[in-house]
Amino acid sequence: MTTQLAETRKQSNGSFESFLQDNPQLNDAATQDGMAALVEKLAPLLQGERFHNVVDLLSAVSDVVDMADDAMVQKMMKGYEELATGAFNLNNLMRYAGAQAGAEKDPPTVWQSLRRLNADADARRGLAMALAMLGQLGRQARRDAATLPEN
Amino acid sequence: MSIQDIVVVGGGIGGTMTANNLVTKLYPEIRAGKARVSLISNDPWHYYKPAFMYVAFGMFYKDELRRPLHSLLKPEVNLLLDSVEGFDFKDSRLRLASGENHHYDYLVVSTGCIPSPERIPGLKEAGDHFYQHDPAMQLYHKLSTIDKGRIFIGVTFPKTPNVPHQCGIAPMETTLMLDDFLRKRGVRDKVEIVYTYPTVSQLLRNCLFLQRDVGEVLPSVFDSKDIRHQTGFTLERVDPDAKVAYSEEGEAVEFDILMQTPPIRAVDAVLDSGISQAPNNEGWLPTNRETLQLEGFANVFVMGDTVDLPISKAGGSCHNQSPVICDNLAGLMRVGKTVAVYDGKVQAIAQMGLDAGMPLWYDYDDDVMPTPATKIGGLMRKAFNRGIYWSVARGMI
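Within each chain, residue numbers correspond to sequence positions counted from 1 in written order. Here the convention is simple: chains get letters from A, ligands get numbers from 1, in the order in which they are written. Totals for whole chains, interfaces and linings use all residues, but because this is a predicted model, local features are given only for residues with pLDDT of at least 70 and pairs of side-chain atoms are given and counted only at 80 or more.

Below, the discussion takes up the overall build of chain B. Runs of H or I in DSSP of at least four residues are treated as helices and runs of E of at least two as strands, each being numbered from the N terminus. Check the secondary structure of chain B and you find 10 helices and 25 strands. Here the globule rule reads 2.2 Å times residues to the power 0.38, and the radius of gyration is calculated from C-alpha atoms. A compact globule built from 397 residues would reach a C-alpha radius of gyration of about 21 Å, and chain B, at 21 Å, matches this within 12%. Principal-axis analysis of the C-alpha atoms gives chain B an extent of 70 × 40 × 40 Å. Within chain B, buried positions represent 51% of all 397 residues. For chain B, contacts bridging at least 24 residues in sequence account for 63% of all contacts bridging at least 6. Residues with at least 20 other C-beta atoms within 10 Å of their own are called buried, those with 12 or fewer are called exposed, and the rest are partly exposed. The C-beta atoms themselves are positioned from the backbone. What counts as a contact here is a pair of residues whose C-beta atoms, placed from the backbone, lie within 7 Å.

Right, dumping it as structure tokens:
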């Protein structure tokens, strides 16, 4: 279709009027009906100069597409994957642990829980991970609270 | 009531997403202890196989295209790292390499296919392909050093009537990527690219692609890039010493690099099951085109590369087959019959050169309608390659 338009433009010798007259797509009744309906819909936006915002938005999107390259996509998708993986793991963890805990008629006593924790290496590793996370949170809080010397 | 054992065989994209989707679909039964989903895989890694073609152009490293299989699975999936050595469909049993005989109530076979260049004399010694990691890396070393000569591209179809080769669009994608790659290297004017297609391609004859509409636009695309193209070249044998490819049609062509989509076959355990009716010992399982059940075995479903259907052997097929299988399996368990129908839908974003892409989709009734390749299409493909794929494998998309 693009080729056909380009060909019509060449034949019109640069005249916009003859381009409009000669182009078979633009002289098609369905195209003209569609254009008329579109103009009617766009008219209030054009009159109030609000359509400019749409053009500006399209222009900004187009700029982003032009600027995007392989490195940018890789970095953005790495972030996406980390977020999606985090959501996947957290959802799994909540659902699986919730189902396990909910299946027990009587929840274990504190002492029973401690004995189970002591016997389950994975649970102890989970506890170690939670402690490590708490340690990191504390380290970050300590650094954030510190006053930096003036230059 | 005894627990219903549902077993998925194969840790590729079909098996991984289906195991996850089954957990979602059957969660009430799983939570009540009435059903269990197991996945049997012989590999602790899950590979994003379509990225192997990017390896051939130095665009992907191994650790970027694989993840530990367990990290992609929901915790309800019982992962068994073992090899299935035998399928006993009549008795609903699997013989595993570990020696265990594993009973199942329902089975999903998603064992993929194996590139088999050794099936064409001389091809393994002299040919290259990009359907596995190591061959793709070997091809990269050649493509990144060739300075002049001829790169000859060919495609081998299965002998089973109306069954496509692996990832139907890949030969065209890599031809266009190769053109861009050699231009970036500054040697394109000294390296001739020849794209060929065999006389018989599924239901078509003497075309450049396995679907007519795309095949008809390809000559102008290739001509604009000075890529030579030829129909009617069905690779018969290769002389590795003389570097000559011979066709069944009687032609002999010299090459410097032979980039050939190789013959493919089902895995050994499927071949040995004796169920396949495919010629040439290719092993495709007879699959109901609507319900995706193995013909004659209502409790067995087949998907992905293992089917004998006229549908692309690609992840885009699995993505649409998986929900149908999950619905039908749940239907058999809950209401005693299948409820969903596969319409043959496949979707993908074709890589049209190193940067451009073209979204496409088709089904049993409608072929791909080719559209202009765009940079936005290329960015969509890159985004899928680098992140969205892993959400698909996890059953999130």
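What follows concerns the nonpolar core. One finds Val 55, Ala 56, Phe 301 and Leu 329 of chain B to be the most contacted residues of the largest nonpolar core, which totals 120 residues. Excluding its chain neighbours within four sequence positions, the residues that come into contact with Leu 329 of chain B are Ile 6, Leu 22, Tyr 106 and Phe 301 of chain B. Nonpolar core, as used here: buried Ala, Val, Leu, Ile, Met, Phe, Trp, Tyr and Cys residues forming one set through C-beta atoms within 7 Å.

Residue and element names in this part refer to chain B. Any two strands with at least two DSSP bridges between them are considered paired. Spatial ordering of the open sheet is given by β5-β2-β1-β9-β23-β22, a layout of six strands whose pairing is mixed. Either end of the sheet is taken by a strand with one partner, and the two such strands are β5 (77-81) and β22 (293-294). Sheet topology note: the β22/strand β23 (residues 297-302) ladder contains two bridges and is antiparallel. Each residue of the ladder has a partner; that of Gln 293, found in β23, is Phe 301. Set on the sheet, helix α9 (residues 315-334) makes contact with β1 (4-9), β9 (106-109) and β23; between it and β23 the angle comes to about 160°. Every axis corresponds to a line fitted to the C-alpha atoms, with the helix fit spanning only the stretch in contact, and the corresponding angles, defined between N-to-C directions, vary from 0 to 180 degrees.

What follows covers the interface of chain A and chain B. On the side of chain B, 15 residues touch chain A, which itself brings 14 residues to the contact. For the side of chain A that touches chain B, the leading source of residues is helix α5 (residues 70-103) of chain A, giving 12 residues.

This next bit is on the pairing of strand β24 (residues 346-351) of chain B. Residues and elements named next belong to chain B. For β24, the tally of buried residues reaches five of six residues, placing the bulk of the element in the interior. Across six bridges, the pairing between β24 and strand β25 (residues 357-362) is antiparallel. Residue Gln 347 lies in a different strand from β25, and its bridge partner there is Trp 361.

What follows concerns the sheet that holds strand β16 (residues 228-231) of chain B. All names here are of chain B. With parallel pairing, five strands are arranged side by side in an open sheet as β11-β20-β12-β13-β16. Each edge of the open sheet carries a strand with a single partner, namely β11 (127-128) and β16. Along the sheet, helix α6 (residues 170-185) contacts β12 (149-155), β13 (191-197) and β20 (257-261); its crossing angle with β13, the most-contacted strand, is approximately 175°.

A residue's pLDDT is the confidence the predictor assigns to it, expressed on a 0 to 100 scale. The predicted model of chain B averages 96 in pLDDT, with 100% of residues at 70 or higher. For this predicted complex, the interface confidence comes out at an ipTM of 0.90, alongside a pTM of 0.90.

Further remarks concern helix α1 (residues 13-25) of chain B. Helical geometry note: an α-helix holds 3.6 residues per turn, so side chains three or four residues apart project in the same direction. Residues and elements named next belong to chain B. Here the expected span of a helix is defined as 1.5 Å times the quantity of residues minus one. If you check α1, its first and last C-alpha atoms are 18 Å apart, about what 13 residues at 1.5 Å a residue would give, namely 18 Å. Of all 13 residues in α1, 12 are buried; the element is thus mostly enclosed. Within the span of α1, buried status applies to Ile 13, Gly 14, Gly 15, Thr 16, Met 17, Thr 18, Ala 19, Asn 20, Asn 21, Leu 22, Val 23 and Lys 25.

Another point: the pairing of strand β18 (residues 244-247) of chain B. Residues and elements named next belong to chain B. As paired elements, strand β17 (residues 235-239) and β18 share four bridges and run antiparallel to each other. Counted as the bridge partner of Arg 237 is Tyr 246 from β18. Connecting β17 to the antiparallel partner β18 that follows it, the hairpin turn spans four residues, and Lys 243 within it adopts a positive phi of roughly 55°. Bridge analysis of β18 against strand β19 (residues 252-254) gives three bridges, and the strand direction is antiparallel. Within β19, the position partnered with Ala 245 by the bridge is Val 253. What sits between the antiparallel neighbours β18 and β19 is a turn of four residues, in which Gly 250 has the positive phi angle 100°.

Turning to the packing of α5 of chain A against helix α10 (residues 375-393) of chain B, a few remarks are in order. Running from N to C, α5 of chain A and α10 of chain B cross one another at 20°; their axes reach a closest spacing of 9 Å. One finds that α5 of chain A runs roughly parallel with respect to α10 of chain B. Along this stretch, α5 of chain A crosses α10 of chain B, giving a crossing that reads as right-handed. In this structure, α5 of chain A contributes Asp 70, Val 73, Gln 74, Met 77, Lys 78, Tyr 80, Glu 81 and Ala 84 of chain A to the contact, and α10 of chain B contributes Leu 379, Lys 382, Ala 383, Arg 386, Gly 387, Trp 390 and Ser 391 of chain B. Ten residues, namely Ala, Val, Leu, Ile, Met, Phe, Trp, Tyr, Cys and Pro, are considered nonpolar, four, namely Asp, Glu, Lys and Arg, are considered charged, and the remaining ones, Gly among them, are considered polar. Of the residues that constitute the contact of α5 of chain A with α10 of chain B, the class distribution is seven nonpolar, three polar and five charged. Here the word oblique covers every angle except those under 35 degrees (roughly parallel), over 145 (roughly antiparallel) and from 65 to 115 (roughly perpendicular). The hand of a helix crossing depends on one turn: near helix anticlockwise from the far one by less than a right angle means left-handed, and clockwise means right-handed.

Taking 1.5 Å per residue, 25 residues should reach 36 Å; helix α7 (residues 121-145) of chain A reaches 36 Å between its end C-alpha atoms and fits that length. The element α7 of chain A is largely exposed, with a buried count of zero among its 25 residues.

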